[in-house]
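# Coordinate analysis (summary)
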Amino acid sequence: MDDLEAERLFSALEGRELVRDASRHLAEAGIAVAPMKGALLHALGCADPRARRITDVDLLVPRRDAARAREVLVARGYRVVGRGLAADMLAPPREGALLVDLHHTLYPYQRFGPYADEVFARARRDAALFGVEVRVMDPLDLYAHLVGHFVKDRRDDRQRDALGDLAGVAARFSLSPAEVARHLEAQGLGRAARYTLAFAAAAGDGFADMVRAHLTPDPLGDWLAGWARRAVRARRQPAKIAAVPTAFLDRSIVDGCRSLGAQARFAIARTLGGG
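Let me begin by describing the structure that accompanies this report. (Residues numbered from 1 in each chain as written. Predicted model: local features only at pLDDT ≥ 70, side-chain atom pairs only at ≥ 80, totals over all residues. Heavy atoms only, no water.)

Once that is clear, we can look at the overall build of the protein. Counting secondary structure elements, the protein contains 12 helices and seven strands. By the compact-globule yardstick of 19 Å for 275 residues, the protein fits well, its C-alpha radius of gyration being 18 Å. On the principal axes, the C-alpha backbone points of the protein span a range of 50 × 45 × 40 Å. Taken across its 275 residues, the protein has 52% of its residues classed as buried. Pairs at least 24 apart in sequence give 68% of the contacts found in the protein among residues at least 6 apart. (Helix = DSSP H or I, 4+ residues; strand = E, 2+ residues; numbered from the N terminus. Rg over C-alpha atoms; globule rule 2.2 N^0.38 Å. Buried < 20%, exposed > 50% of the residue type's maximum accessible area, 1.4 Å probe, protein only. Contact = heavy atoms within 4.5 Å.)

This part covers the nonpolar core. Soluble globular proteins tend to bury their nonpolar side chains together. Core analysis: the largest hydrophobic core is formed by 77 residues, its most contacted members being L26, Y143, V147, L184, Y195 and L197. Counting residues per element, this core draws most heavily on helix α5 (residues 139-152), which supplies eight residues. Setting aside its immediate chain neighbours within four residues, V147 contacts L166, L184, L189, A192, A193, T196 and L197. (Core = buried A, V, L, I, M, F, W, Y, C linked by side-chain atoms within 4.5 Å.)

Moving on to helix α7 (residues 177-186). Among the residues of α7, those classed as buried are P177, V180, A181, H183 and L184. Along α7, the residues classed as buried sweep out an arc of 165° about the axis, all on the same side. Across from the buried face of α7, at angles greater than 90 degrees, the exposed residues are R182 and A186. The first or second residue beyond α7 is G188, which carries a positive phi of 75°. (Arc of directions from axis to C-beta.)

As for its position among the elements, V211 is in helix α9 (residues 206-214). On the accessibility criterion, V211 (0% relative accessible area) is buried. For the pair V211 and R194, spaced 17 residues apart in sequence, the C-alpha separation works out to 9.5 Å. With residues up to four places along the chain from it excluded, the contact list for V211 reads Y143, P177, V180, A181, L184 and L197.

Let us look at the sheet that holds strand β1 (residues 34-36). Read across the sheet, five strands follow the order β1-β2-β5-β4-β3 without closing on themselves; strand pairing throughout is mixed. The two strands at the open ends of the sheet, each matched to only one other strand, are β1 and β3 (79-83). Taken pair by pair, the neighbouring strands of this sheet meet at an average axis angle of 30°, ignoring direction. Of the pairings in the sheet, the one linking β3 to strand β4 (residues 87-91) comprises four bridges and is antiparallel in character. Within β4, the position partnered with R83 by the bridge is D88. (Pairing = 2+ DSSP bridges. Axes fitted to C-alpha atoms, helices over the stretch in contact; angles between N-to-C directions.)

Since the α-helix advances by 3.6 residues per turn, residues separated by three or four positions end up pointing in the same direction. When we look at burial in α9, the residues that qualify are F207, A208 and V211. Viewed end-on, α9 has its buried residues packed into an arc of 100°, placing them on one side of the element. On its buried face, α9 is in contact with α5, α6 (160-172), α7 and α8 (190-202). For α9, the side-chain oxygen to backbone nitrogen distance between the N-cap and F207 is 3.1 Å, and the N-cap itself is D205. (Polar contact = N/O pair within 3.5 Å; in protein donor to acceptor, adjacent residues only side chain to side chain.)

This part is about the packing of α7 against α9. In a packed pair of helices, the relevant descriptors are the angle between the two axes and the axis-to-axis distance. Running from N to C, α7 and α9 point in directions that differ by 60°, and their axes come no closer than 8 Å. Judged on the interaxial angle alone, α9 and α7 are oblique. Along this stretch, α7 crosses α9, giving a crossing that reads as right-handed. Note on element contacts: α9 touches α7 through F207, M210, V211 and H214, opposite P177, A178, V180, A181 and L184. Considered class by class, the residues forming the contact of α7 with α9 number eight nonpolar, one polar and no charged. (Parallel < 35°, antiparallel > 145°, perpendicular 65-115°, else oblique. Left-handed = near helix turned anticlockwise from the far one by under 90°. Nonpolar A, V, L, I, M, F, W, Y, C, P; charged D, E, K, R; others polar.)

A ring pair, where both rings are aromatic, is described by two values, the distance of the centres and the angle of the planes. Under the definition given, this model contains seven aromatic pairs. When the ring of W227 is compared with that of F248, the centres are 6.4 Å apart and the planes differ by 20°; the resulting orientation is stacked. Here W227 is found in helix α10 (residues 219-233), whereas its partner F248 is found in the loop between α11 (243-247) and α12 (253-272), with 21 residues between them in sequence. Of the aromatic side chains, those joined through ring pairs into one cluster are F150, Y195 and F199. Between the NZ or CZ atom of R172 and the centre of the ring of F173, over which it lies, the distance is 4.8 Å. (Phe/Tyr/Trp six-rings, centres within 6.5 Å; stacked < 30°, edge-to-face > 60°. Lys NZ or Arg CZ within 6 Å of the ring centre and 35° of its normal.)

The next subject is the pattern of salt bridges. Applying the stated criterion across every chain yields a total of 22 salt bridges. What emerges from the salt-bridge pattern is a single network uniting D21, R24 and E28. (Salt bridge = Lys/Arg side-chain N within 4 Å of Asp/Glu carboxyl O.)

Turning our eyes to something else, we now look at a nonpolar patch on the surface. Residues L220, W223 and I253 make up a contiguous nonpolar surface patch of roughly 300 Å² in combined accessible area. Position of W223 among the secondary structure elements: in helix α10. (Patch = residues over 30% accessible without salt bridge, like charges linked within 9 Å, V, L, I, M, F, W, Y side chains within 5 Å. Areas by Shrake-Rupley, 256 points an atom, 1.4 Å probe, with all protein chains shown as cover.)

Below, the structure written as structure tokens:
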């Protein structure tokens, strides 16, 4: 194992311990918690912790419990170091490289799914994965969130880890391309999938290509996804100007306009507030 692999593995172990610690405190307060992204992918065996680095720990709680969840963790020594529209960022009691992103929704602006309440409804209870009871996302929701998150962050084929996550989830759970396509469209992710899965397919992900083939024909969605891909690839990441074309990969054009409006209002508020 080289130094880089050892560093990634150490971060994965730190992330696992953070999930366990925060989830234990939340469970004691009767608050359900669903780990997301890197820490969950490592625990499920969808990604190799020596190869896939994590930079923070993402936990989802029901929206109704978000404020109380933050208060519970602060009472246990966590410190709020940032506030966002989708999550609060907390530093753990012991100094470390990782922060906890405490989510009450999966995206700050986008209106496509999966939606937090539905994620919890479809999730399964598990006490073995992290040594404390958590809710483990349904594999279809896990795959769908990776598709939506890729769009939310305006990623492209430079993000090899993110593309590898998709293939890892599909292989780990032996997902059906047709079932995944139906779930993506039910979550309003049909156009987002045309964006994300095109990059995955170009990187050699045959499953992603099969999912694309099962999507309902949408010529406008194909054009919008192509526009967004060109806009993102032409710029350094994060490609802020590409927020316009990627917004139109939302559930509908109207929802895309609403997403852009929300982003504009947040940017103005930050500017006026000196943030």
